[in-house]
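# Secondary and tertiary structure notes
Each chain, written out:
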Amino acid sequence: MAPLTAAFVISNRTVWDQAYSCIQNLPVRLAVEQGVSQNDPAETEALLDRIERHRVDVVLVEAGRIALPLEEFVRRIRTAAAQPAVFVLSLEASPELILEALRAGANEYLYPPLADTLRDALQKLAAARSKNGSHASGGLGKIFGFLSARGGCGATTFAVHVAADIARQTKAPMLLADCDFDAGLLRFLMKSKSAYSVRDALDNLHRMDASLWKALVSSPAPNLDLIAAPEEIAAKRHPGREEMTHLMRFIRSTYSLSIIDFGRSVSMAALDSLPELEALYLLTTPDFMSLESASRAIQMIEERGFLRHRIYALLNKSKPRETPDLAGFAATLRHSCHAVFRNDHMSLYDAYSEGRFLPVTSALGKELHALAESIRTDAAGEPGPDKKAPSGAPAGSKRWFSFLHKAVAFEETREQEARA
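### Observations concerning the overall build of the protein chain
The helix and strand tally for the protein chain stands at 16 helices and 13 strands. Within the span of the protein chain, comprising 420 residues, buried residues form 51% of the whole.

### Notes on the sheet that holds strand β1 (residues 4-9)
The 5 strands lie next to each other as β2-β1-β3-β4-β5, forming an open sheet whose pairing is parallel. Both edges of this open sheet fall to β2 (28-33) and β5 (108-110), since each of them pairs with a single strand only. Shown here is a sheet whose adjacent strand axes are inclined to one another by a mean of 25°, direction ignored. As paired elements, β1 and strand β3 (residues 58-62) share 4 bridges and run parallel to each other. Each bridged residue has a counterpart across the sheet, and for A7 the counterpart in β3 is V59.

### A short note on the nonpolar core
In terms of nonpolar packing, the biggest core is built from 80 residues, with F146, L176, W213 and I259 touching the most fellow members. Top contributing element to this core by residue count: helix α6 (residues 155-169), with 8 residues. Those residues within four positions of W213 in sequence are excluded, and the remaining contacts are L175, A201, M208, I227, L247, F250, I251, T254 and Y255. In this structure, L4, I10, L26 and L110 belong to the second largest nonpolar core, which totals 24 residues.

### Structural notes on the pairing of strand β13 (residues 337-342)
The buried count for β13 comes to 5 of 6 residues, which makes it a mostly enclosed element. For strand β12 (residues 311-318) and β13, the ladder comprises 4 bridges, and the chain directions are parallel. Bridging from a neighbouring strand, L314 pairs with A339 of β13.

### A short note on the sheet that holds strand β10 (residues 257-264)
Hydrogen bonds along the backbone pair up the strands of a sheet, which may run parallel or antiparallel. The strand order across the open sheet formed by 8 strands is β8-β9-β7-β10-β6-β11-β12-β13, and the pairing between neighbours is mixed. Of all strands in the sheet, those with a lone pairing partner are β8 (218-221) and β13, marking the two edges. When strand polarity is set aside, the average angle formed by the axes of neighbouring strands in this sheet is 25°. Both strand β6 (residues 142-148) and strand β11 (residues 279-284) contribute to a ladder of 5 bridges, which runs parallel. Along β11, the bridge assignment pairs F144 with A279.

### Side note on the confidence of the model for the protein chain
Averaged over all residues, the pLDDT of the protein chain is 82; the fraction at 70 or higher stands at 86%. Ignoring residues within four places in sequence, the model shows residues 385-420, a span with pLDDT below 50, making 60 contacts including any to other chains.

What counts and what doesn't
- Residues numbered from 1 in each chain as written.
- Predicted model: local features only at pLDDT ≥ 70, side-chain atom pairs only at ≥ 80, totals over all residues.
- Heavy atoms only, no water.
- Helix = DSSP H or I, 4+ residues; strand = E, 2+ residues; numbered from the N terminus.
- Buried < 20%, exposed > 50% of the residue type's maximum accessible area, 1.4 Å probe, protein only.
- Pairing = 2+ DSSP bridges.
- Axes fitted to C-alpha atoms, helices over the stretch in contact; angles between N-to-C directions.
- Core = buried A, V, L, I, M, F, W, Y, C linked by side-chain atoms within 4.5 Å.
- Contact = heavy atoms within 4.5 Å.
- pLDDT = per-residue confidence, 0-100.

Listed below in structure tokens is the structure:
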């Protein structure tokens with residue numbers, strides 16, 4: 001079952017207890033909880049605002065507990081960005097209340113005992129939203145993950161450069177998050193002074209809202225929010241499955257585009273985040289051990305049900321003057337090699353030692369810029385270059401990876417104009 005975010009508008013203790021007991025055993029996060037007074041329209045307006053801000057998937061409302069007519073309440077709920085479902089709950093199977101709920105357009109009318117009926121309704125809703133994809137998720141943002149097959153493959157370098165590049169191109173806020181609980185480096189690379197981390201967000205999911213989230217993140221660059229990995233040993237404990245799925249869902253409800261650095265090797269945090277990822281970029285290097293580690297990682301990811309075409313294997317640190325053996329790499333990986341990036345460790349060393357990122361004019365900087373542009377257009381739903389895996393490339397060729405043809409062609413045009 002895909003994770004859901006719910007709002008409870010329930011005052012009756014029996015109904016609340018049964019509903020809450022049901023979601024305890026399901027991947028459902030309670031984002032909004034409010035018992036609305038029947039005589040206070042202002043309280044109802046505040047509730048509708050909270051439902052809009054939290055982009056909940058389903059609203060569980062007790063019959064007769066709101067100041068607005070049920071039909072108007074459902075209509076207002078449906079105009080929210082996430083277009084949540086509405087489940088009407090009641091202590092009794094009253095024909096009048098059932099008819100009112102049907103006329104109002106509610107998705108379900110449920111009454112105690114709720115254990116089975118509410119669970120079935122939530123599972124049905126989760127399946128429908130998962131099947132219909134982004135349309136059903138009410139415009140939730142897209143998360144792109146970066147993961148190294150083993151230490152030194154470059155996931156953190158790629159994540160930070162891609163995020164910084166996209167932030168320069170976009171006007172909407174985006175997120176860069178460090179979910180490497182073992183050796184998170186984004187705090188250091190981004191020079192973040194914030195004392196808070198992903199662990200603080202996980203520990204406060206039960207009361208997370210926009211204001212609390214804003215206190216946890218830092219803004220190292222315009223349009224870029226950062227939340228770092230924990231530094232203290234005690235805070236490095238890995239999160240549970242529900243914690244990660246709910247955190248990812250909150251991030252998707254807050255940002256249209258997010259970049260997550262999962263660090264080196266496959267972790268439970270990465271695996272548990274898969275249902276909320278748009279794509280996962282797996283970094284490997286040409287050596288046999290890294291390729292074998294990448295192959296095992298792909299197998300583990302696919303066993304979790306993550307679709308194969310959403311895993312992009314990136315071959316990093318290829319020797320500039322050698323033709324990459326893409327067919328051999330693909331055979332070892334048992335997965336197509338999506339793109340090749342040259343080894344430019346001296347430029348990276350110089351940039352990091354001077355406290356800056358690679359310039360877009362550098363060789364590797366151009367390739368990372370093209371990757372960032374591909375992700376940006378994907379997140380925005382814009383038509384972009386083809387993402388099919390390359391079949392090969394001559395030594396020294398700029399056209400190493402097919403999905404960068406559009407961006408590289410643009411660079412070549414500028415070079416021709418400069419020469420003219």
